[in-house]
Amino acid sequence: MKLDHAIDGAIDAEQSLANTLQKLAGRHAAEHDIYQLGHTQSQKASARARRLGDFAERYGARAPKEADPEPGLVDALRRETSDLLGRSKSTGLLLLRDLQSAYLDAQRAEIAWTVLLQGARACRDGQLVETVSAVHEECEVTAKWLRTRIKVTAPQVLVAG
Amino acid sequence: MALLNGIQHELIRNGLLDHDFVGAHTVGLEKLEKVVAEYPPEVVGHICGVPASDIVAAAEVIGQSERLVSTCLQGVYQSNQATAAACQVNNISLLRGMIGRPGCTVFQMNGQPTAQNTRETGADGDFVGMRNWQNPEHVAELARLWNVEEPHIPSWAPPTHVMQIFRYAEEGSIRFLWITGTNPAVSLPELHRVRSILGQDRLFVVVNDAFPTETTQLADVVLPVALWGEKLGTFTNHDRTVHLSEKAVAPPGEARTDMEIFLDYATRLGLQDKDGRPLLKWQTAEECFEAFREITRGRPCDYSGLTYSALRDSGGIQWPVTAEAPSGTERLYTDHRFNTRTDYTEDYGHDLTTGAAHERKDHLAMGADGRAILHAAPYQPGHEQPDEERRLLYTTGRTISQFHTRTKTARAPQLQSAAPGPWVELAPSDAERYGIADGDLVKVESARGRIVVPARVGGVREGVVFAPFHYGYWDRSVADEEGDSEPGGPADRPTAANELTMTAWDPVSKQPTLKLAAVSIAKVTS
């Protein structure tokens, strides 16, 4: 049984998504919705990783990090820089690039949950199936939010910016 | 949000649902049950600061009533989780099967009659006649009705909302902004930001208004316009009643109607349809109405059977007005069929917490097909919470004697004398804690700005400060944000409640969150 690999995979993907979203939020703080939702979604991603805590122990995988990535000073610095650069021309292209990269991270997490769900089903671990199904849907919402935001941003940046 | 989830929790727990109605005419109960199960009265009471027994009692009143009319306005729409909460109000009526008959309805109201019109005519950026920007058939239909090529209808993204427009103006990808009959320099959040955006040299700002405002002060060009009573046109109220508003007097001076101005602009731009004829084929208000009427045919707001002469002969007519219902429709949803067929619906919907747009396949998968959708969402605290530095929760609103930014009401002596100046309200216990007496001048400050206004003690709950949003600077003199302040401007004596509010909006409706900020308060003088 190698279910620990799939658990590691989902935890890694979500923790990495949490970091990416937090950076996205800070770097583009002048986009207020991205600042606010980016942080909320980042916290949700690390909470999803933590949902696997008991299962990681049961199957011998690495334990998820206890705390959310700490925004603190780095976030304040990123935010200030974003406000300063918020009126310059290149911010739009940077935003589009960072949104795309976050979207790919969200997709990586989504497919990691799919892999784990398949494993959980084959192991007949009903508890794990239930947990994974619930968070899988939430992870898809994160990806969908990024997709919606990309669809809004792309035309403005590419044509009007 | 927590409270409404709590009430639904109680309705479900006590079996107070109309099961036949819910089963036949709604979708989404299973998910709703799962979400609201987390909100028993004790949990909700703790979040909301009310006794759990009051929540039980409120649910009991709703659950035992034979009629239920709910109304929502900005108190819901400009709060945290606005759209999600508004949907829960709908849910409660649906769970009780109380819609589409006398005494049973929901009024999700708009701020003013013209705000209903803008939603129907496409002036909010939505597609005219409540068409769905993601539905290619709706787009094709519009292109046919307007005789333009389909790619000319901007259907690649959702409508650009005002907060996003201001952000584009801030980062420089919008350089020309035309503001019609509103006053964002007082009504939008975080006013120093709004002023600094409108004041940019690289942004060309045109404002249509009848009176000088804080926004016209920042404009490059001001076009004086006719007000109601000085022009002919229709208004539609929230209960779908269309009224004809006749021209009683001629507009003063050089003032023209908004429509004349926009038609003139379209002519000067040389806007054409795909056959090279003028894009706008109408000149008068009545011709414009007739063109709009045709575009609404078959849509929820169907005006197809309505004429100016019918409106002149009546006190108002409720849409839909069709060949089958020539004298209008008093009540909607009497057959308990809702506008949720995937091909017909105005919108495929959103995730309520992120605003992620659903697509056609998501909407189909819900299988609503004429049934109402019960939307569920967990409670989430607002983006800004009181802390050590700013211990109080700030909320903004209205007073009955003033409308919006007072540009009209302050010119009516009776209304102006009834509510001449700004103030904030705080609870007696907070007043005592901060050493503030009724009438003291106080400074209220958020992370974004401050106001200095007299205090009124009483009327709000502990921990909350209320400020009416009407009181800007146009009737004093508006100071330059960067430059030296003139007496009475925002830099000298700030009074506009939105100096303090945050740049944030509901992810679905995009309405600014004007009812939530963390503030500190201190006495300035007695």
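For clarity, every value in this text was computed on a predicted model and none was experimentally measured.

Reading the values: rules and limits
- Residues numbered from 1 in each chain as written.
- Chains lettered and ligands numbered in written order.
- Predicted model: local features only at pLDDT ≥ 70, side-chain atom pairs only at ≥ 80, totals over all residues.
- Helix = DSSP H or I, 4+ residues; strand = E, 2+ residues; numbered from the N terminus.
- Rg over C-alpha atoms; globule rule 2.2 N^0.38 Å.
- Buried ≥ 20, exposed ≤ 12 C-beta atoms within 10 Å, placed from the backbone.
- Pairing = 2+ DSSP bridges.
- Core = buried A, V, L, I, M, F, W, Y, C linked by C-beta atoms within 7 Å.
- Domains from an automatic or database assignment.
- Contact = placed C-beta atoms within 7 Å.
- Nonpolar A, V, L, I, M, F, W, Y, C, P; charged D, E, K, R; others polar.

Undergrad: Describe the overall build of chain B, naming the residues involved and giving the relevant values.
TA: Along its length, chain B carries 18 helices and 16 strands. A globule of 526 residues ought to have a C-alpha radius of gyration of about 24 Å, and chain B, at 25 Å, matches this closely. Taken along its principal axes, the extent of the C-alpha atoms in chain B is 70 × 65 × 45 Å. Within chain B, the fraction of its 526 residues that count as buried is 37%.

Undergrad: Now, about the sheet that holds strand E9 (residues 317-318) of chain B: what can you tell me, with residues and values included?
TA: Each strand in a sheet pairs with its neighbour through backbone hydrogen bonds, running either in the same direction (parallel) or in the opposite one (antiparallel). Read from one edge to the other, the open sheet built from three strands follows the order E7-E8-E9 (chain B), with strand pairing classed as antiparallel. A single partner strand is all that each edge strand has here, and the edge strands are strand E7 (233-236) and E9 of chain B.

Undergrad: Report on the nonpolar core, specifying residues and quantitative values.
TA: All names here are of chain B. Core analysis: the biggest nonpolar cluster contains 43 residues, and Tyr394, Val424, Val444, Val465 and Val519 have the highest contact counts within it. Looking at this core, you find at least three residues from each of domain 2 (113-237 + 241-318) and domain 3 (392-525). If sequence neighbours within four positions are ignored, Val444 has contacts with Tyr394, Val424, Arg450, Ile451, Val465, Leu500, Val519 and Ile521.

Undergrad: Tell me about the domain arrangement of chain B, and please be specific about residues and values.
TA: Many authors give the size of an interface as the accessible area that is lost as the parts come together. Residue and element names in this part refer to chain B. What the domain assignment reports for chain B is domain 1 (2-109 + 341-373), domain 2 (113-237 + 241-318) and domain 3 (392-525). Placing a centre on the C-alpha atoms of domain 2 and another on those of domain 3 gives a separation of 30 Å. On the side of domain 3, 22 residues touch domain 2, which itself brings 19 residues to the contact. Of the residues forming the side of domain 2 that touches domain 3, the biggest block, five residues, is contributed by helix H12 (residues 191-198). Partitioning the side of domain 2 that touches domain 3 into residue classes produces seven nonpolar, eight polar and four charged.

Undergrad: Which residues make up the interface of chain B and chain A, and what values do they have?
TA: Chain B puts 19 residues into the contact, and the matching count from chain A is 20 residues. Classifying every residue of the side of chain B that touches chain A by side-chain character gives nine nonpolar, six polar and four charged.

Undergrad: Describe the environment of Val69(B), naming the residues involved and giving the relevant values.
TA: All names here are of chain B. Checked against the element boundaries, Val69 lands in strand E2 (residues 68-72). Assessed through the 13 C-beta atoms surrounding it within 10 Å, Val69 is described here as partly exposed. Distance from Val69 to Val221, taken between C-alpha atoms, is 46 Å for residues 152 residues apart in sequence. Discounting residues that sit within four places of it in the chain, Val69 has contacts with Gly103 and Thr105.

Undergrad: Pulling in residues and values, what's your account of the pairing of strand E14 (residues 450-457) of chain B?
TA: Residue and element names in this part refer to chain B. As judged from the three bridges shared by strand E12 (residues 424-426) and E14, these two strands associate in the parallel manner. Note that in E14 the partner of Glu425 across the bridge is Arg456. Pairing between strand E13 (residues 441-445) and E14: five bridges, direction antiparallel. Looking across to E14, one finds that Val442 is bridged to Val453. Counting the residues in the hairpin turn of E13 and E14 gives four residues.

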